[in-house]
2 protein chains.
Amino acid sequence: MDQVNLKRLAKELNLAVSTVSRALSDSYDISIETKEKVNALAKKLNYHPNPYARSLRKRSSHTIAVIIPEIANNFFSLVIDGIEEVAQANDYHVLIYLTHENHVKEAAFVRHLMSGRVDGVLMSLASETDDMSHLYELTEQNIPVVFFDRVCDDIDTVKVTTNDYESGYLATKHLIERGCTNISYLAFSGNLSIDQNRKQGYLDALEDHHIPVKESSILLCSNDDKENKKKMRNLLSSEVPPDGIFASVELLAIQCYEVCKELDLQIPRQVKVISFSNLRTASLLAPPLTTITQPAFDIGKQAASALFQALGKKAIKLSDQKIMLTSSLIERESTAIEG
Amino acid sequence: MDQVNLKRLAKELNLAVSTVSRALSDSYDISIETKEKVNALAKKLNYHPNPYARSLRKRSSHTIAVIIPEIANNFFSLVIDGIEEVAQANDYHVLIYLTHENHVKEAAFVRHLMSGRVDGVLMSLASETDDMSHLYELTEQNIPVVFFDRVCDDIDTVKVTTNDYESGYLATKHLIERGCTNISYLAFSGNLSIDQNRKQGYLDALEDHHIPVKESSILLCSNDDKENKKKMRNLLSSEVPPDGIFASVELLAIQCYEVCKELDLQIPRQVKVISFSNLRTASLLAPPLTTITQPAFDIGKQAASALFQALGKKAIKLSDQKIMLTSSLIERESTAIEG
DNA sequence: CTGTTAGCGCATTCAT
DNA sequence: ATGAATGCGCTAACAG
């Protein structure tokens, strides 16, 4: 049995291929009768236009690529969820490429995509990546790119990220509004820009609410569980223990939670704890914790929307702008049931 | 500036298009010199063959589609991780489609894919889906399909799933080997086939180890947190409390964990608890819990491997077979740091 | 309203 | 060892 294509339809109806083509695309200058005949036969024979022939002819693939470091990760899978939703609404197809934080792979993917396989690219850089030449090459080919989360500042395009400063501010404000007056910040790393921004938000929130910052309020933690817990134990059993704790990453919140249990400190009655988290862990197993979560889904949607806006205008250059989205507070997440 | 294609290369080198084409594909009957010249210019001009032209000509897209219910879910994102790894190794591209459990969307995606956009399909059915006609149509077009997790039994092809029976058996055996002699099973639903299979594994493990099963050992739980905890409280404070608990879903393990805390029962010293889980939750926040996890990554790899095997043989029909993979026990997961 | 013609970029058959 | 010609399936410009 032969493939069913335009030629086949045309032959069976004694029409020209172009007529059939126009009938199927509902062109103005085709009689209603032939349109109906054509559509009927197309349906009957289960005709599907060959997307590659069309792409070749129209020089557009109706496909975008998403390049991310990994996918087994709540943040990135939510981002893809958002991207896919927008893509579906725009009738676009989504190709996925995982770099596993490997710069060589990332560069290979990007260079391959210069072939015209996709109309646009959404990406989050591999942590290894410092050489950006592959990205320049891509934009030179006039393929629009939108960055999210881990962005490349040197390229003029749309970048969508979380507003870490604001998130830190909001988390701290949340504690203040719940009556905390002595709030500690559990920092995970001294110099990561994320941590820096969150901490600055924390500091500014305190200042704006006229709460003095004590040297001892900022606890610099590390990968060493025991060491961290020791510091937390000291902090929480000091003469003036904090009544609020803001953990910059989830793991620290969990360690803190355990120390509180140890010391028989009631969360949130005696100590209120808020933590950044992209996992569902903290809010699920330890409902007394409040979590603040990156707006992953919205980041995906925004990034995709920006890209499609450019694609709609036939690859008008994307303007250089930073879109920063706000994290959301979750006091207690509904408990999803899985596996 | 013009697109760089074969014609362009041919013109610049005073060669025929076909010669350039063959040189680039390293054909036998092209002199080494011209090959070198061609490759050099191709690199210099940053030539990338147009994948759509090639697909059109070769009638193969080097692309597969993955259709899944959702992605914001640890199980499915791990599956994709596995699929993508195998696809990368085979130099294939991966298109993602999310049905959000909607049968209409699923059917639309599948019907679209009959166009020849992909060489093969990997899918997990939407829970809504009971009408399988779109799947029959797909196989009629000789597009190979492999099912995973939520499979369609009526279609003769490869199906990759978790061996729930074996998983239940293993989890129970684990408790028995740790010295438990009075093991309770926390069932989540009376009739889900997953739950049924897991329970049967539990029952058979007990029988094989000559441990009698008591009526009261199986606790049928529901969506009602408080009700569940009440039942657990009864169970754990009865005259002969269980020394081992096997939770069929994570949520029940967490509820049980909390009840144990309440009753001051030490896990795992007094009660050992094992639970199914696809989240990292249980093992992260409650290290005393042992978790048993679906082999999501391997399911993805196996499904993709089976598909590529067929594609390698130019779409030889996939044999009808069920591949069942074993869950893995995790006593304590390394604590990943995120966000 | 419909048919004819001409490519999109590539791989391949058939010449030389 | 290379070139010329053909067509994959489709759309679009140009006739009529």
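Each value, and the rule that gives it
For every chain, the first residue of the written sequence is number 1, and numbering continues from 1 along that sequence. Chain A is the first chain written and ligand 1 is the first ligand written, with later ones labelled in order. A pLDDT threshold of at least 70 governs which residues receive local features in this predicted model, and a stricter bar of 80 or more applies before side-chain atom pairs are shown or counted, although totals over entire chains, interfaces and linings include all residues. Hydrogen atoms and water are omitted, and side-chain values are computed over all heavy atoms in the structure. The contact definition used throughout considers only heavy atoms, calling two residues in contact when any of these lie within 4.5 Å. Defined here as a combined quantity, buried area equals the accessible surface (1.4 Å probe) lost by two parts on assembly, summed across both. For this analysis, a salt bridge means a side-chain nitrogen from Lys or Arg found within 4 Å of a carboxyl oxygen belonging to Asp or Glu. For the purposes of these results, a polar contact is taken to be a pair of N or O atoms within 3.5 Å, where, inside protein, one atom must be able to donate a hydrogen and its partner to accept one; residues adjacent in sequence count only when each atom of the pair is a side-chain atom. For the purposes of this entry, the term helix denotes a DSSP run of H or I that reaches at least four residues, the term strand denotes a run of E that reaches at least two, and both are numbered from the N terminus. Each residue is assigned to one class: nonpolar for Ala, Val, Leu, Ile, Met, Phe, Trp, Tyr, Cys and Pro, charged for Asp, Glu, Lys and Arg, and polar for all the others, Gly among them. Whether a residue is near a molecule or strand depends on its heavy atoms: if one lies within 4 Å, it is near. Axis lines are fitted to C-alpha atoms, over the contacting stretch for helices. Their N-to-C directions set the angle, which ranges from 0 to 180 degrees. In what follows, roughly perpendicular refers to angles from 65 to 115 degrees, roughly parallel to angles under 35, roughly antiparallel to angles over 145, and oblique to any angle outside these ranges. Following DSSP output, two strands are said to pair if at least two bridges run between them. Any residue under 20% of the maximum accessible area for its type is buried, any over 50% is exposed, and the rest in between are partly exposed; the area is computed with a 1.4 Å probe on protein chains only. Clockwise travel from the first strand over the helix to the second, with the strands pointing away from the viewer, marks a crossover as right-handed. Superposing copies: least-squares fit, C-alpha atoms only, residues required to have pLDDT of at least 70 in both.

S.K.: I keep staring at the interface of chain B and chain A and nothing clicks. Help me out?
M.R.: Think of interface size as the accessible area that goes away when the parts come together; that is how it is often given. Of the residues lining the interface, 64 residues belong to chain B; the matching set on chain A comes to 65 residues. Taken together, both faces of the contact between chain B and chain A bury some 5900 Å²; the carbon and sulfur share is 60%. Taken together, the connections running from chain B to chain A amount to 0 salt bridges. The interface formed by chain B and chain A contains 16 residue pairs in polar contact (both at pLDDT 80 or more). Residue assignment for the side of chain B that touches chain A shows that the elements contributing at least two residues are helix 4 (51-58), helix 5 (74-89), strand 2 (93-98), helix 6 (103-112), helix 11 (250-262) and helix 12 (281-285) of chain B. Looking at the side of chain B that touches chain A element by element, the count peaks at 8 residues for helix 5 of chain B. Taken together, the residues that form the side of chain B that touches chain A break down as 29 nonpolar, 23 polar and 12 charged.

S.K.: Before we go on, may I ask you to explain the protein's contact with DNA strand C in this structure?
M.R.: As a matter of local geometry, DNA strand C sits amid 25 residues, with R57 and R59 of chain A together with L6, Y47 and R57 of chain B nearest to it. Counting only the atoms of DNA strand C that lie within 4 Å of the protein, the sugar and phosphate share comes to 58%. Take A16 of chain A: an N or O atom from its main chain is 2.9 Å from a phosphate oxygen of DNA strand C. Between a base nitrogen of DNA strand C and a side-chain N or O atom of R22 of chain A, the distance comes to 2.9 Å. Where the surface near DNA strand C is concerned, the elements lending two or more residues are helix 2 (17-24) and helix 4 (51-58) of chain A together with helix 1 (6-13), helix 2 (17-24) and helix 4 of chain B. Among the residues making up the surface near DNA strand C, the classes are represented as 8 nonpolar, 9 polar and 8 charged.

S.K.: What is the right way to look at the protein's contact with DNA strand D in this model?
M.R.: Residues in contact with DNA strand D amount to 27 residues; listed here are only the nearest, L6, Y47 and R57 of chain A together with T19 and R59 of chain B. Backbone sugar and phosphate groups make up 64% of those atoms of DNA strand D lying within 4 Å of the protein. Between DNA strand D and the protein, one listed contact pairs a phosphate oxygen with a side-chain N or O atom of R59 of chain B at 2.5 Å. Going through the elements one at a time, helix 1 (6-13), helix 2 and helix 4 of chain A together with helix 2 and helix 4 of chain B are the ones with two or more residues in the surface near DNA strand D. Tallied by class, the residues present in the surface near DNA strand D amount to 9 nonpolar, 9 polar and 9 charged.

S.K.: Would you mind showing me how to read the packing of helix 6 (residues 103-112) of chain A against helix 7 (residues 133-140) of chain A here?
M.R.: For any two helices packed against each other, the geometry comes down to the angle between their axes and how far apart the axes lie. Residue and element names in this part refer to chain A. Contact geometry for helix 6 and helix 7: axes closest at 9 Å, N-to-C directions at 10°. Classed by the angle they form, the pair helix 6 and helix 7 counts as roughly parallel. Contacts from H103, E106, A107, V110 and R111 in helix 6 reach S133, H134, L135, E137 and L138 in helix 7. Classifying every residue of the contact of helix 6 with helix 7 by side-chain character gives 4 nonpolar, 3 polar and 3 charged.

S.K.: Whenever I open this one, unusual backbone geometry confuses me. Can you help?
M.R.: Excluding glycine, residues mostly carry a negative phi; peptide bonds, for their part, are mostly trans. One non-glycine residue, D26 of chain A, lies in the positive phi region at around 55°. Checked against the element boundaries, D26 of chain A lands in the loop between helix 2 and helix 3 (32-44). Even without glycine at this site, N142 of chain B takes up a positive phi of about 60°. One can find N142 of chain B in the loop between helix 7 (133-140) and strand 4 (145-148).

S.K.: Any chance you could explain the sheet that holds strand 6 (residues 183-187) of chain A here in plain terms?
M.R.: Two modes of strand pairing occur in sheets, parallel and antiparallel, and in both the strands are linked by backbone hydrogen bonds. Residues and elements named next belong to chain A. Pairing is mixed in the open sheet, where 6 strands are placed in the order 7-6-8-9-10-12. Strands with a single pairing partner mark the edges of an open sheet, and in this sheet they are strand 7 (218-220) and strand 12 (328-330). Neighbour to neighbour, the strand axes of the sheet diverge by 20° on average, direction disregarded. Bridging between strand 6 and strand 8 (residues 244-247) involves 4 bridges; their strand directions are parallel. The residue of strand 8 that forms the bridge with S184 is I245.

S.K.: How do you make sense of the pairing of strand 4 (residues 145-148) of chain A when you look at a structure like this?
M.R.: For a regular strand, side-chain orientation follows a simple rule: the groups alternate between the two sheet faces. Residues and elements named next belong to chain A. Judged by which residues are buried, strand 4 turns out to be covered on both faces: V145 and F147 on one side and V146 and F148 on the other are all buried. Bridge count between strand 3 (residues 120-123) and strand 4: 3 bridges; the pairing is parallel. What sits directly across from L122, in strand 4, is V146. Since strand 3 and strand 4 lie parallel, the crossover through helix 7 that links them has a hand, and here it is right-handed. Sheet analysis places strand 4 next to strand 5 (residues 158-162), joined by 2 bridges and oriented parallel. Along strand 5, the bridge assignment pairs F147 with K159.

S.K.: Got a minute to help me understand the environment of L203 of chain A in this structure?
M.R.: Residue and element names in this part refer to chain A. Examined against the element boundaries, L203 turns out to sit in helix 9 (residues 193-208). On the accessibility criterion, L203 (22% relative accessible area) is partly exposed. As for L203 and Y169, which are separated by 34 residues in sequence, their C-alpha atoms are 7.7 Å apart. Apart from the residues lying within four places of it in its own chain, the contact partners of L203 are V213 and I218.

S.K.: Help me understand the relation of the copies chain B and chain A, please; the structure alone is not making it clear to me.
M.R.: What connects the two chain copies is a rotation about an axis and a shift along it. Laying chain B over chain A is done by rotating through 180° and shifting 0.0 Å along the axis; what remains is an RMSD of 0.1 Å. As the rotation angle and translation indicate, the two copies are arranged about a two-fold axis. Taken as a fraction of all interface residues of chain B, those also at the interface in chain A reach 100%, which identifies the copy contact as same-surface.

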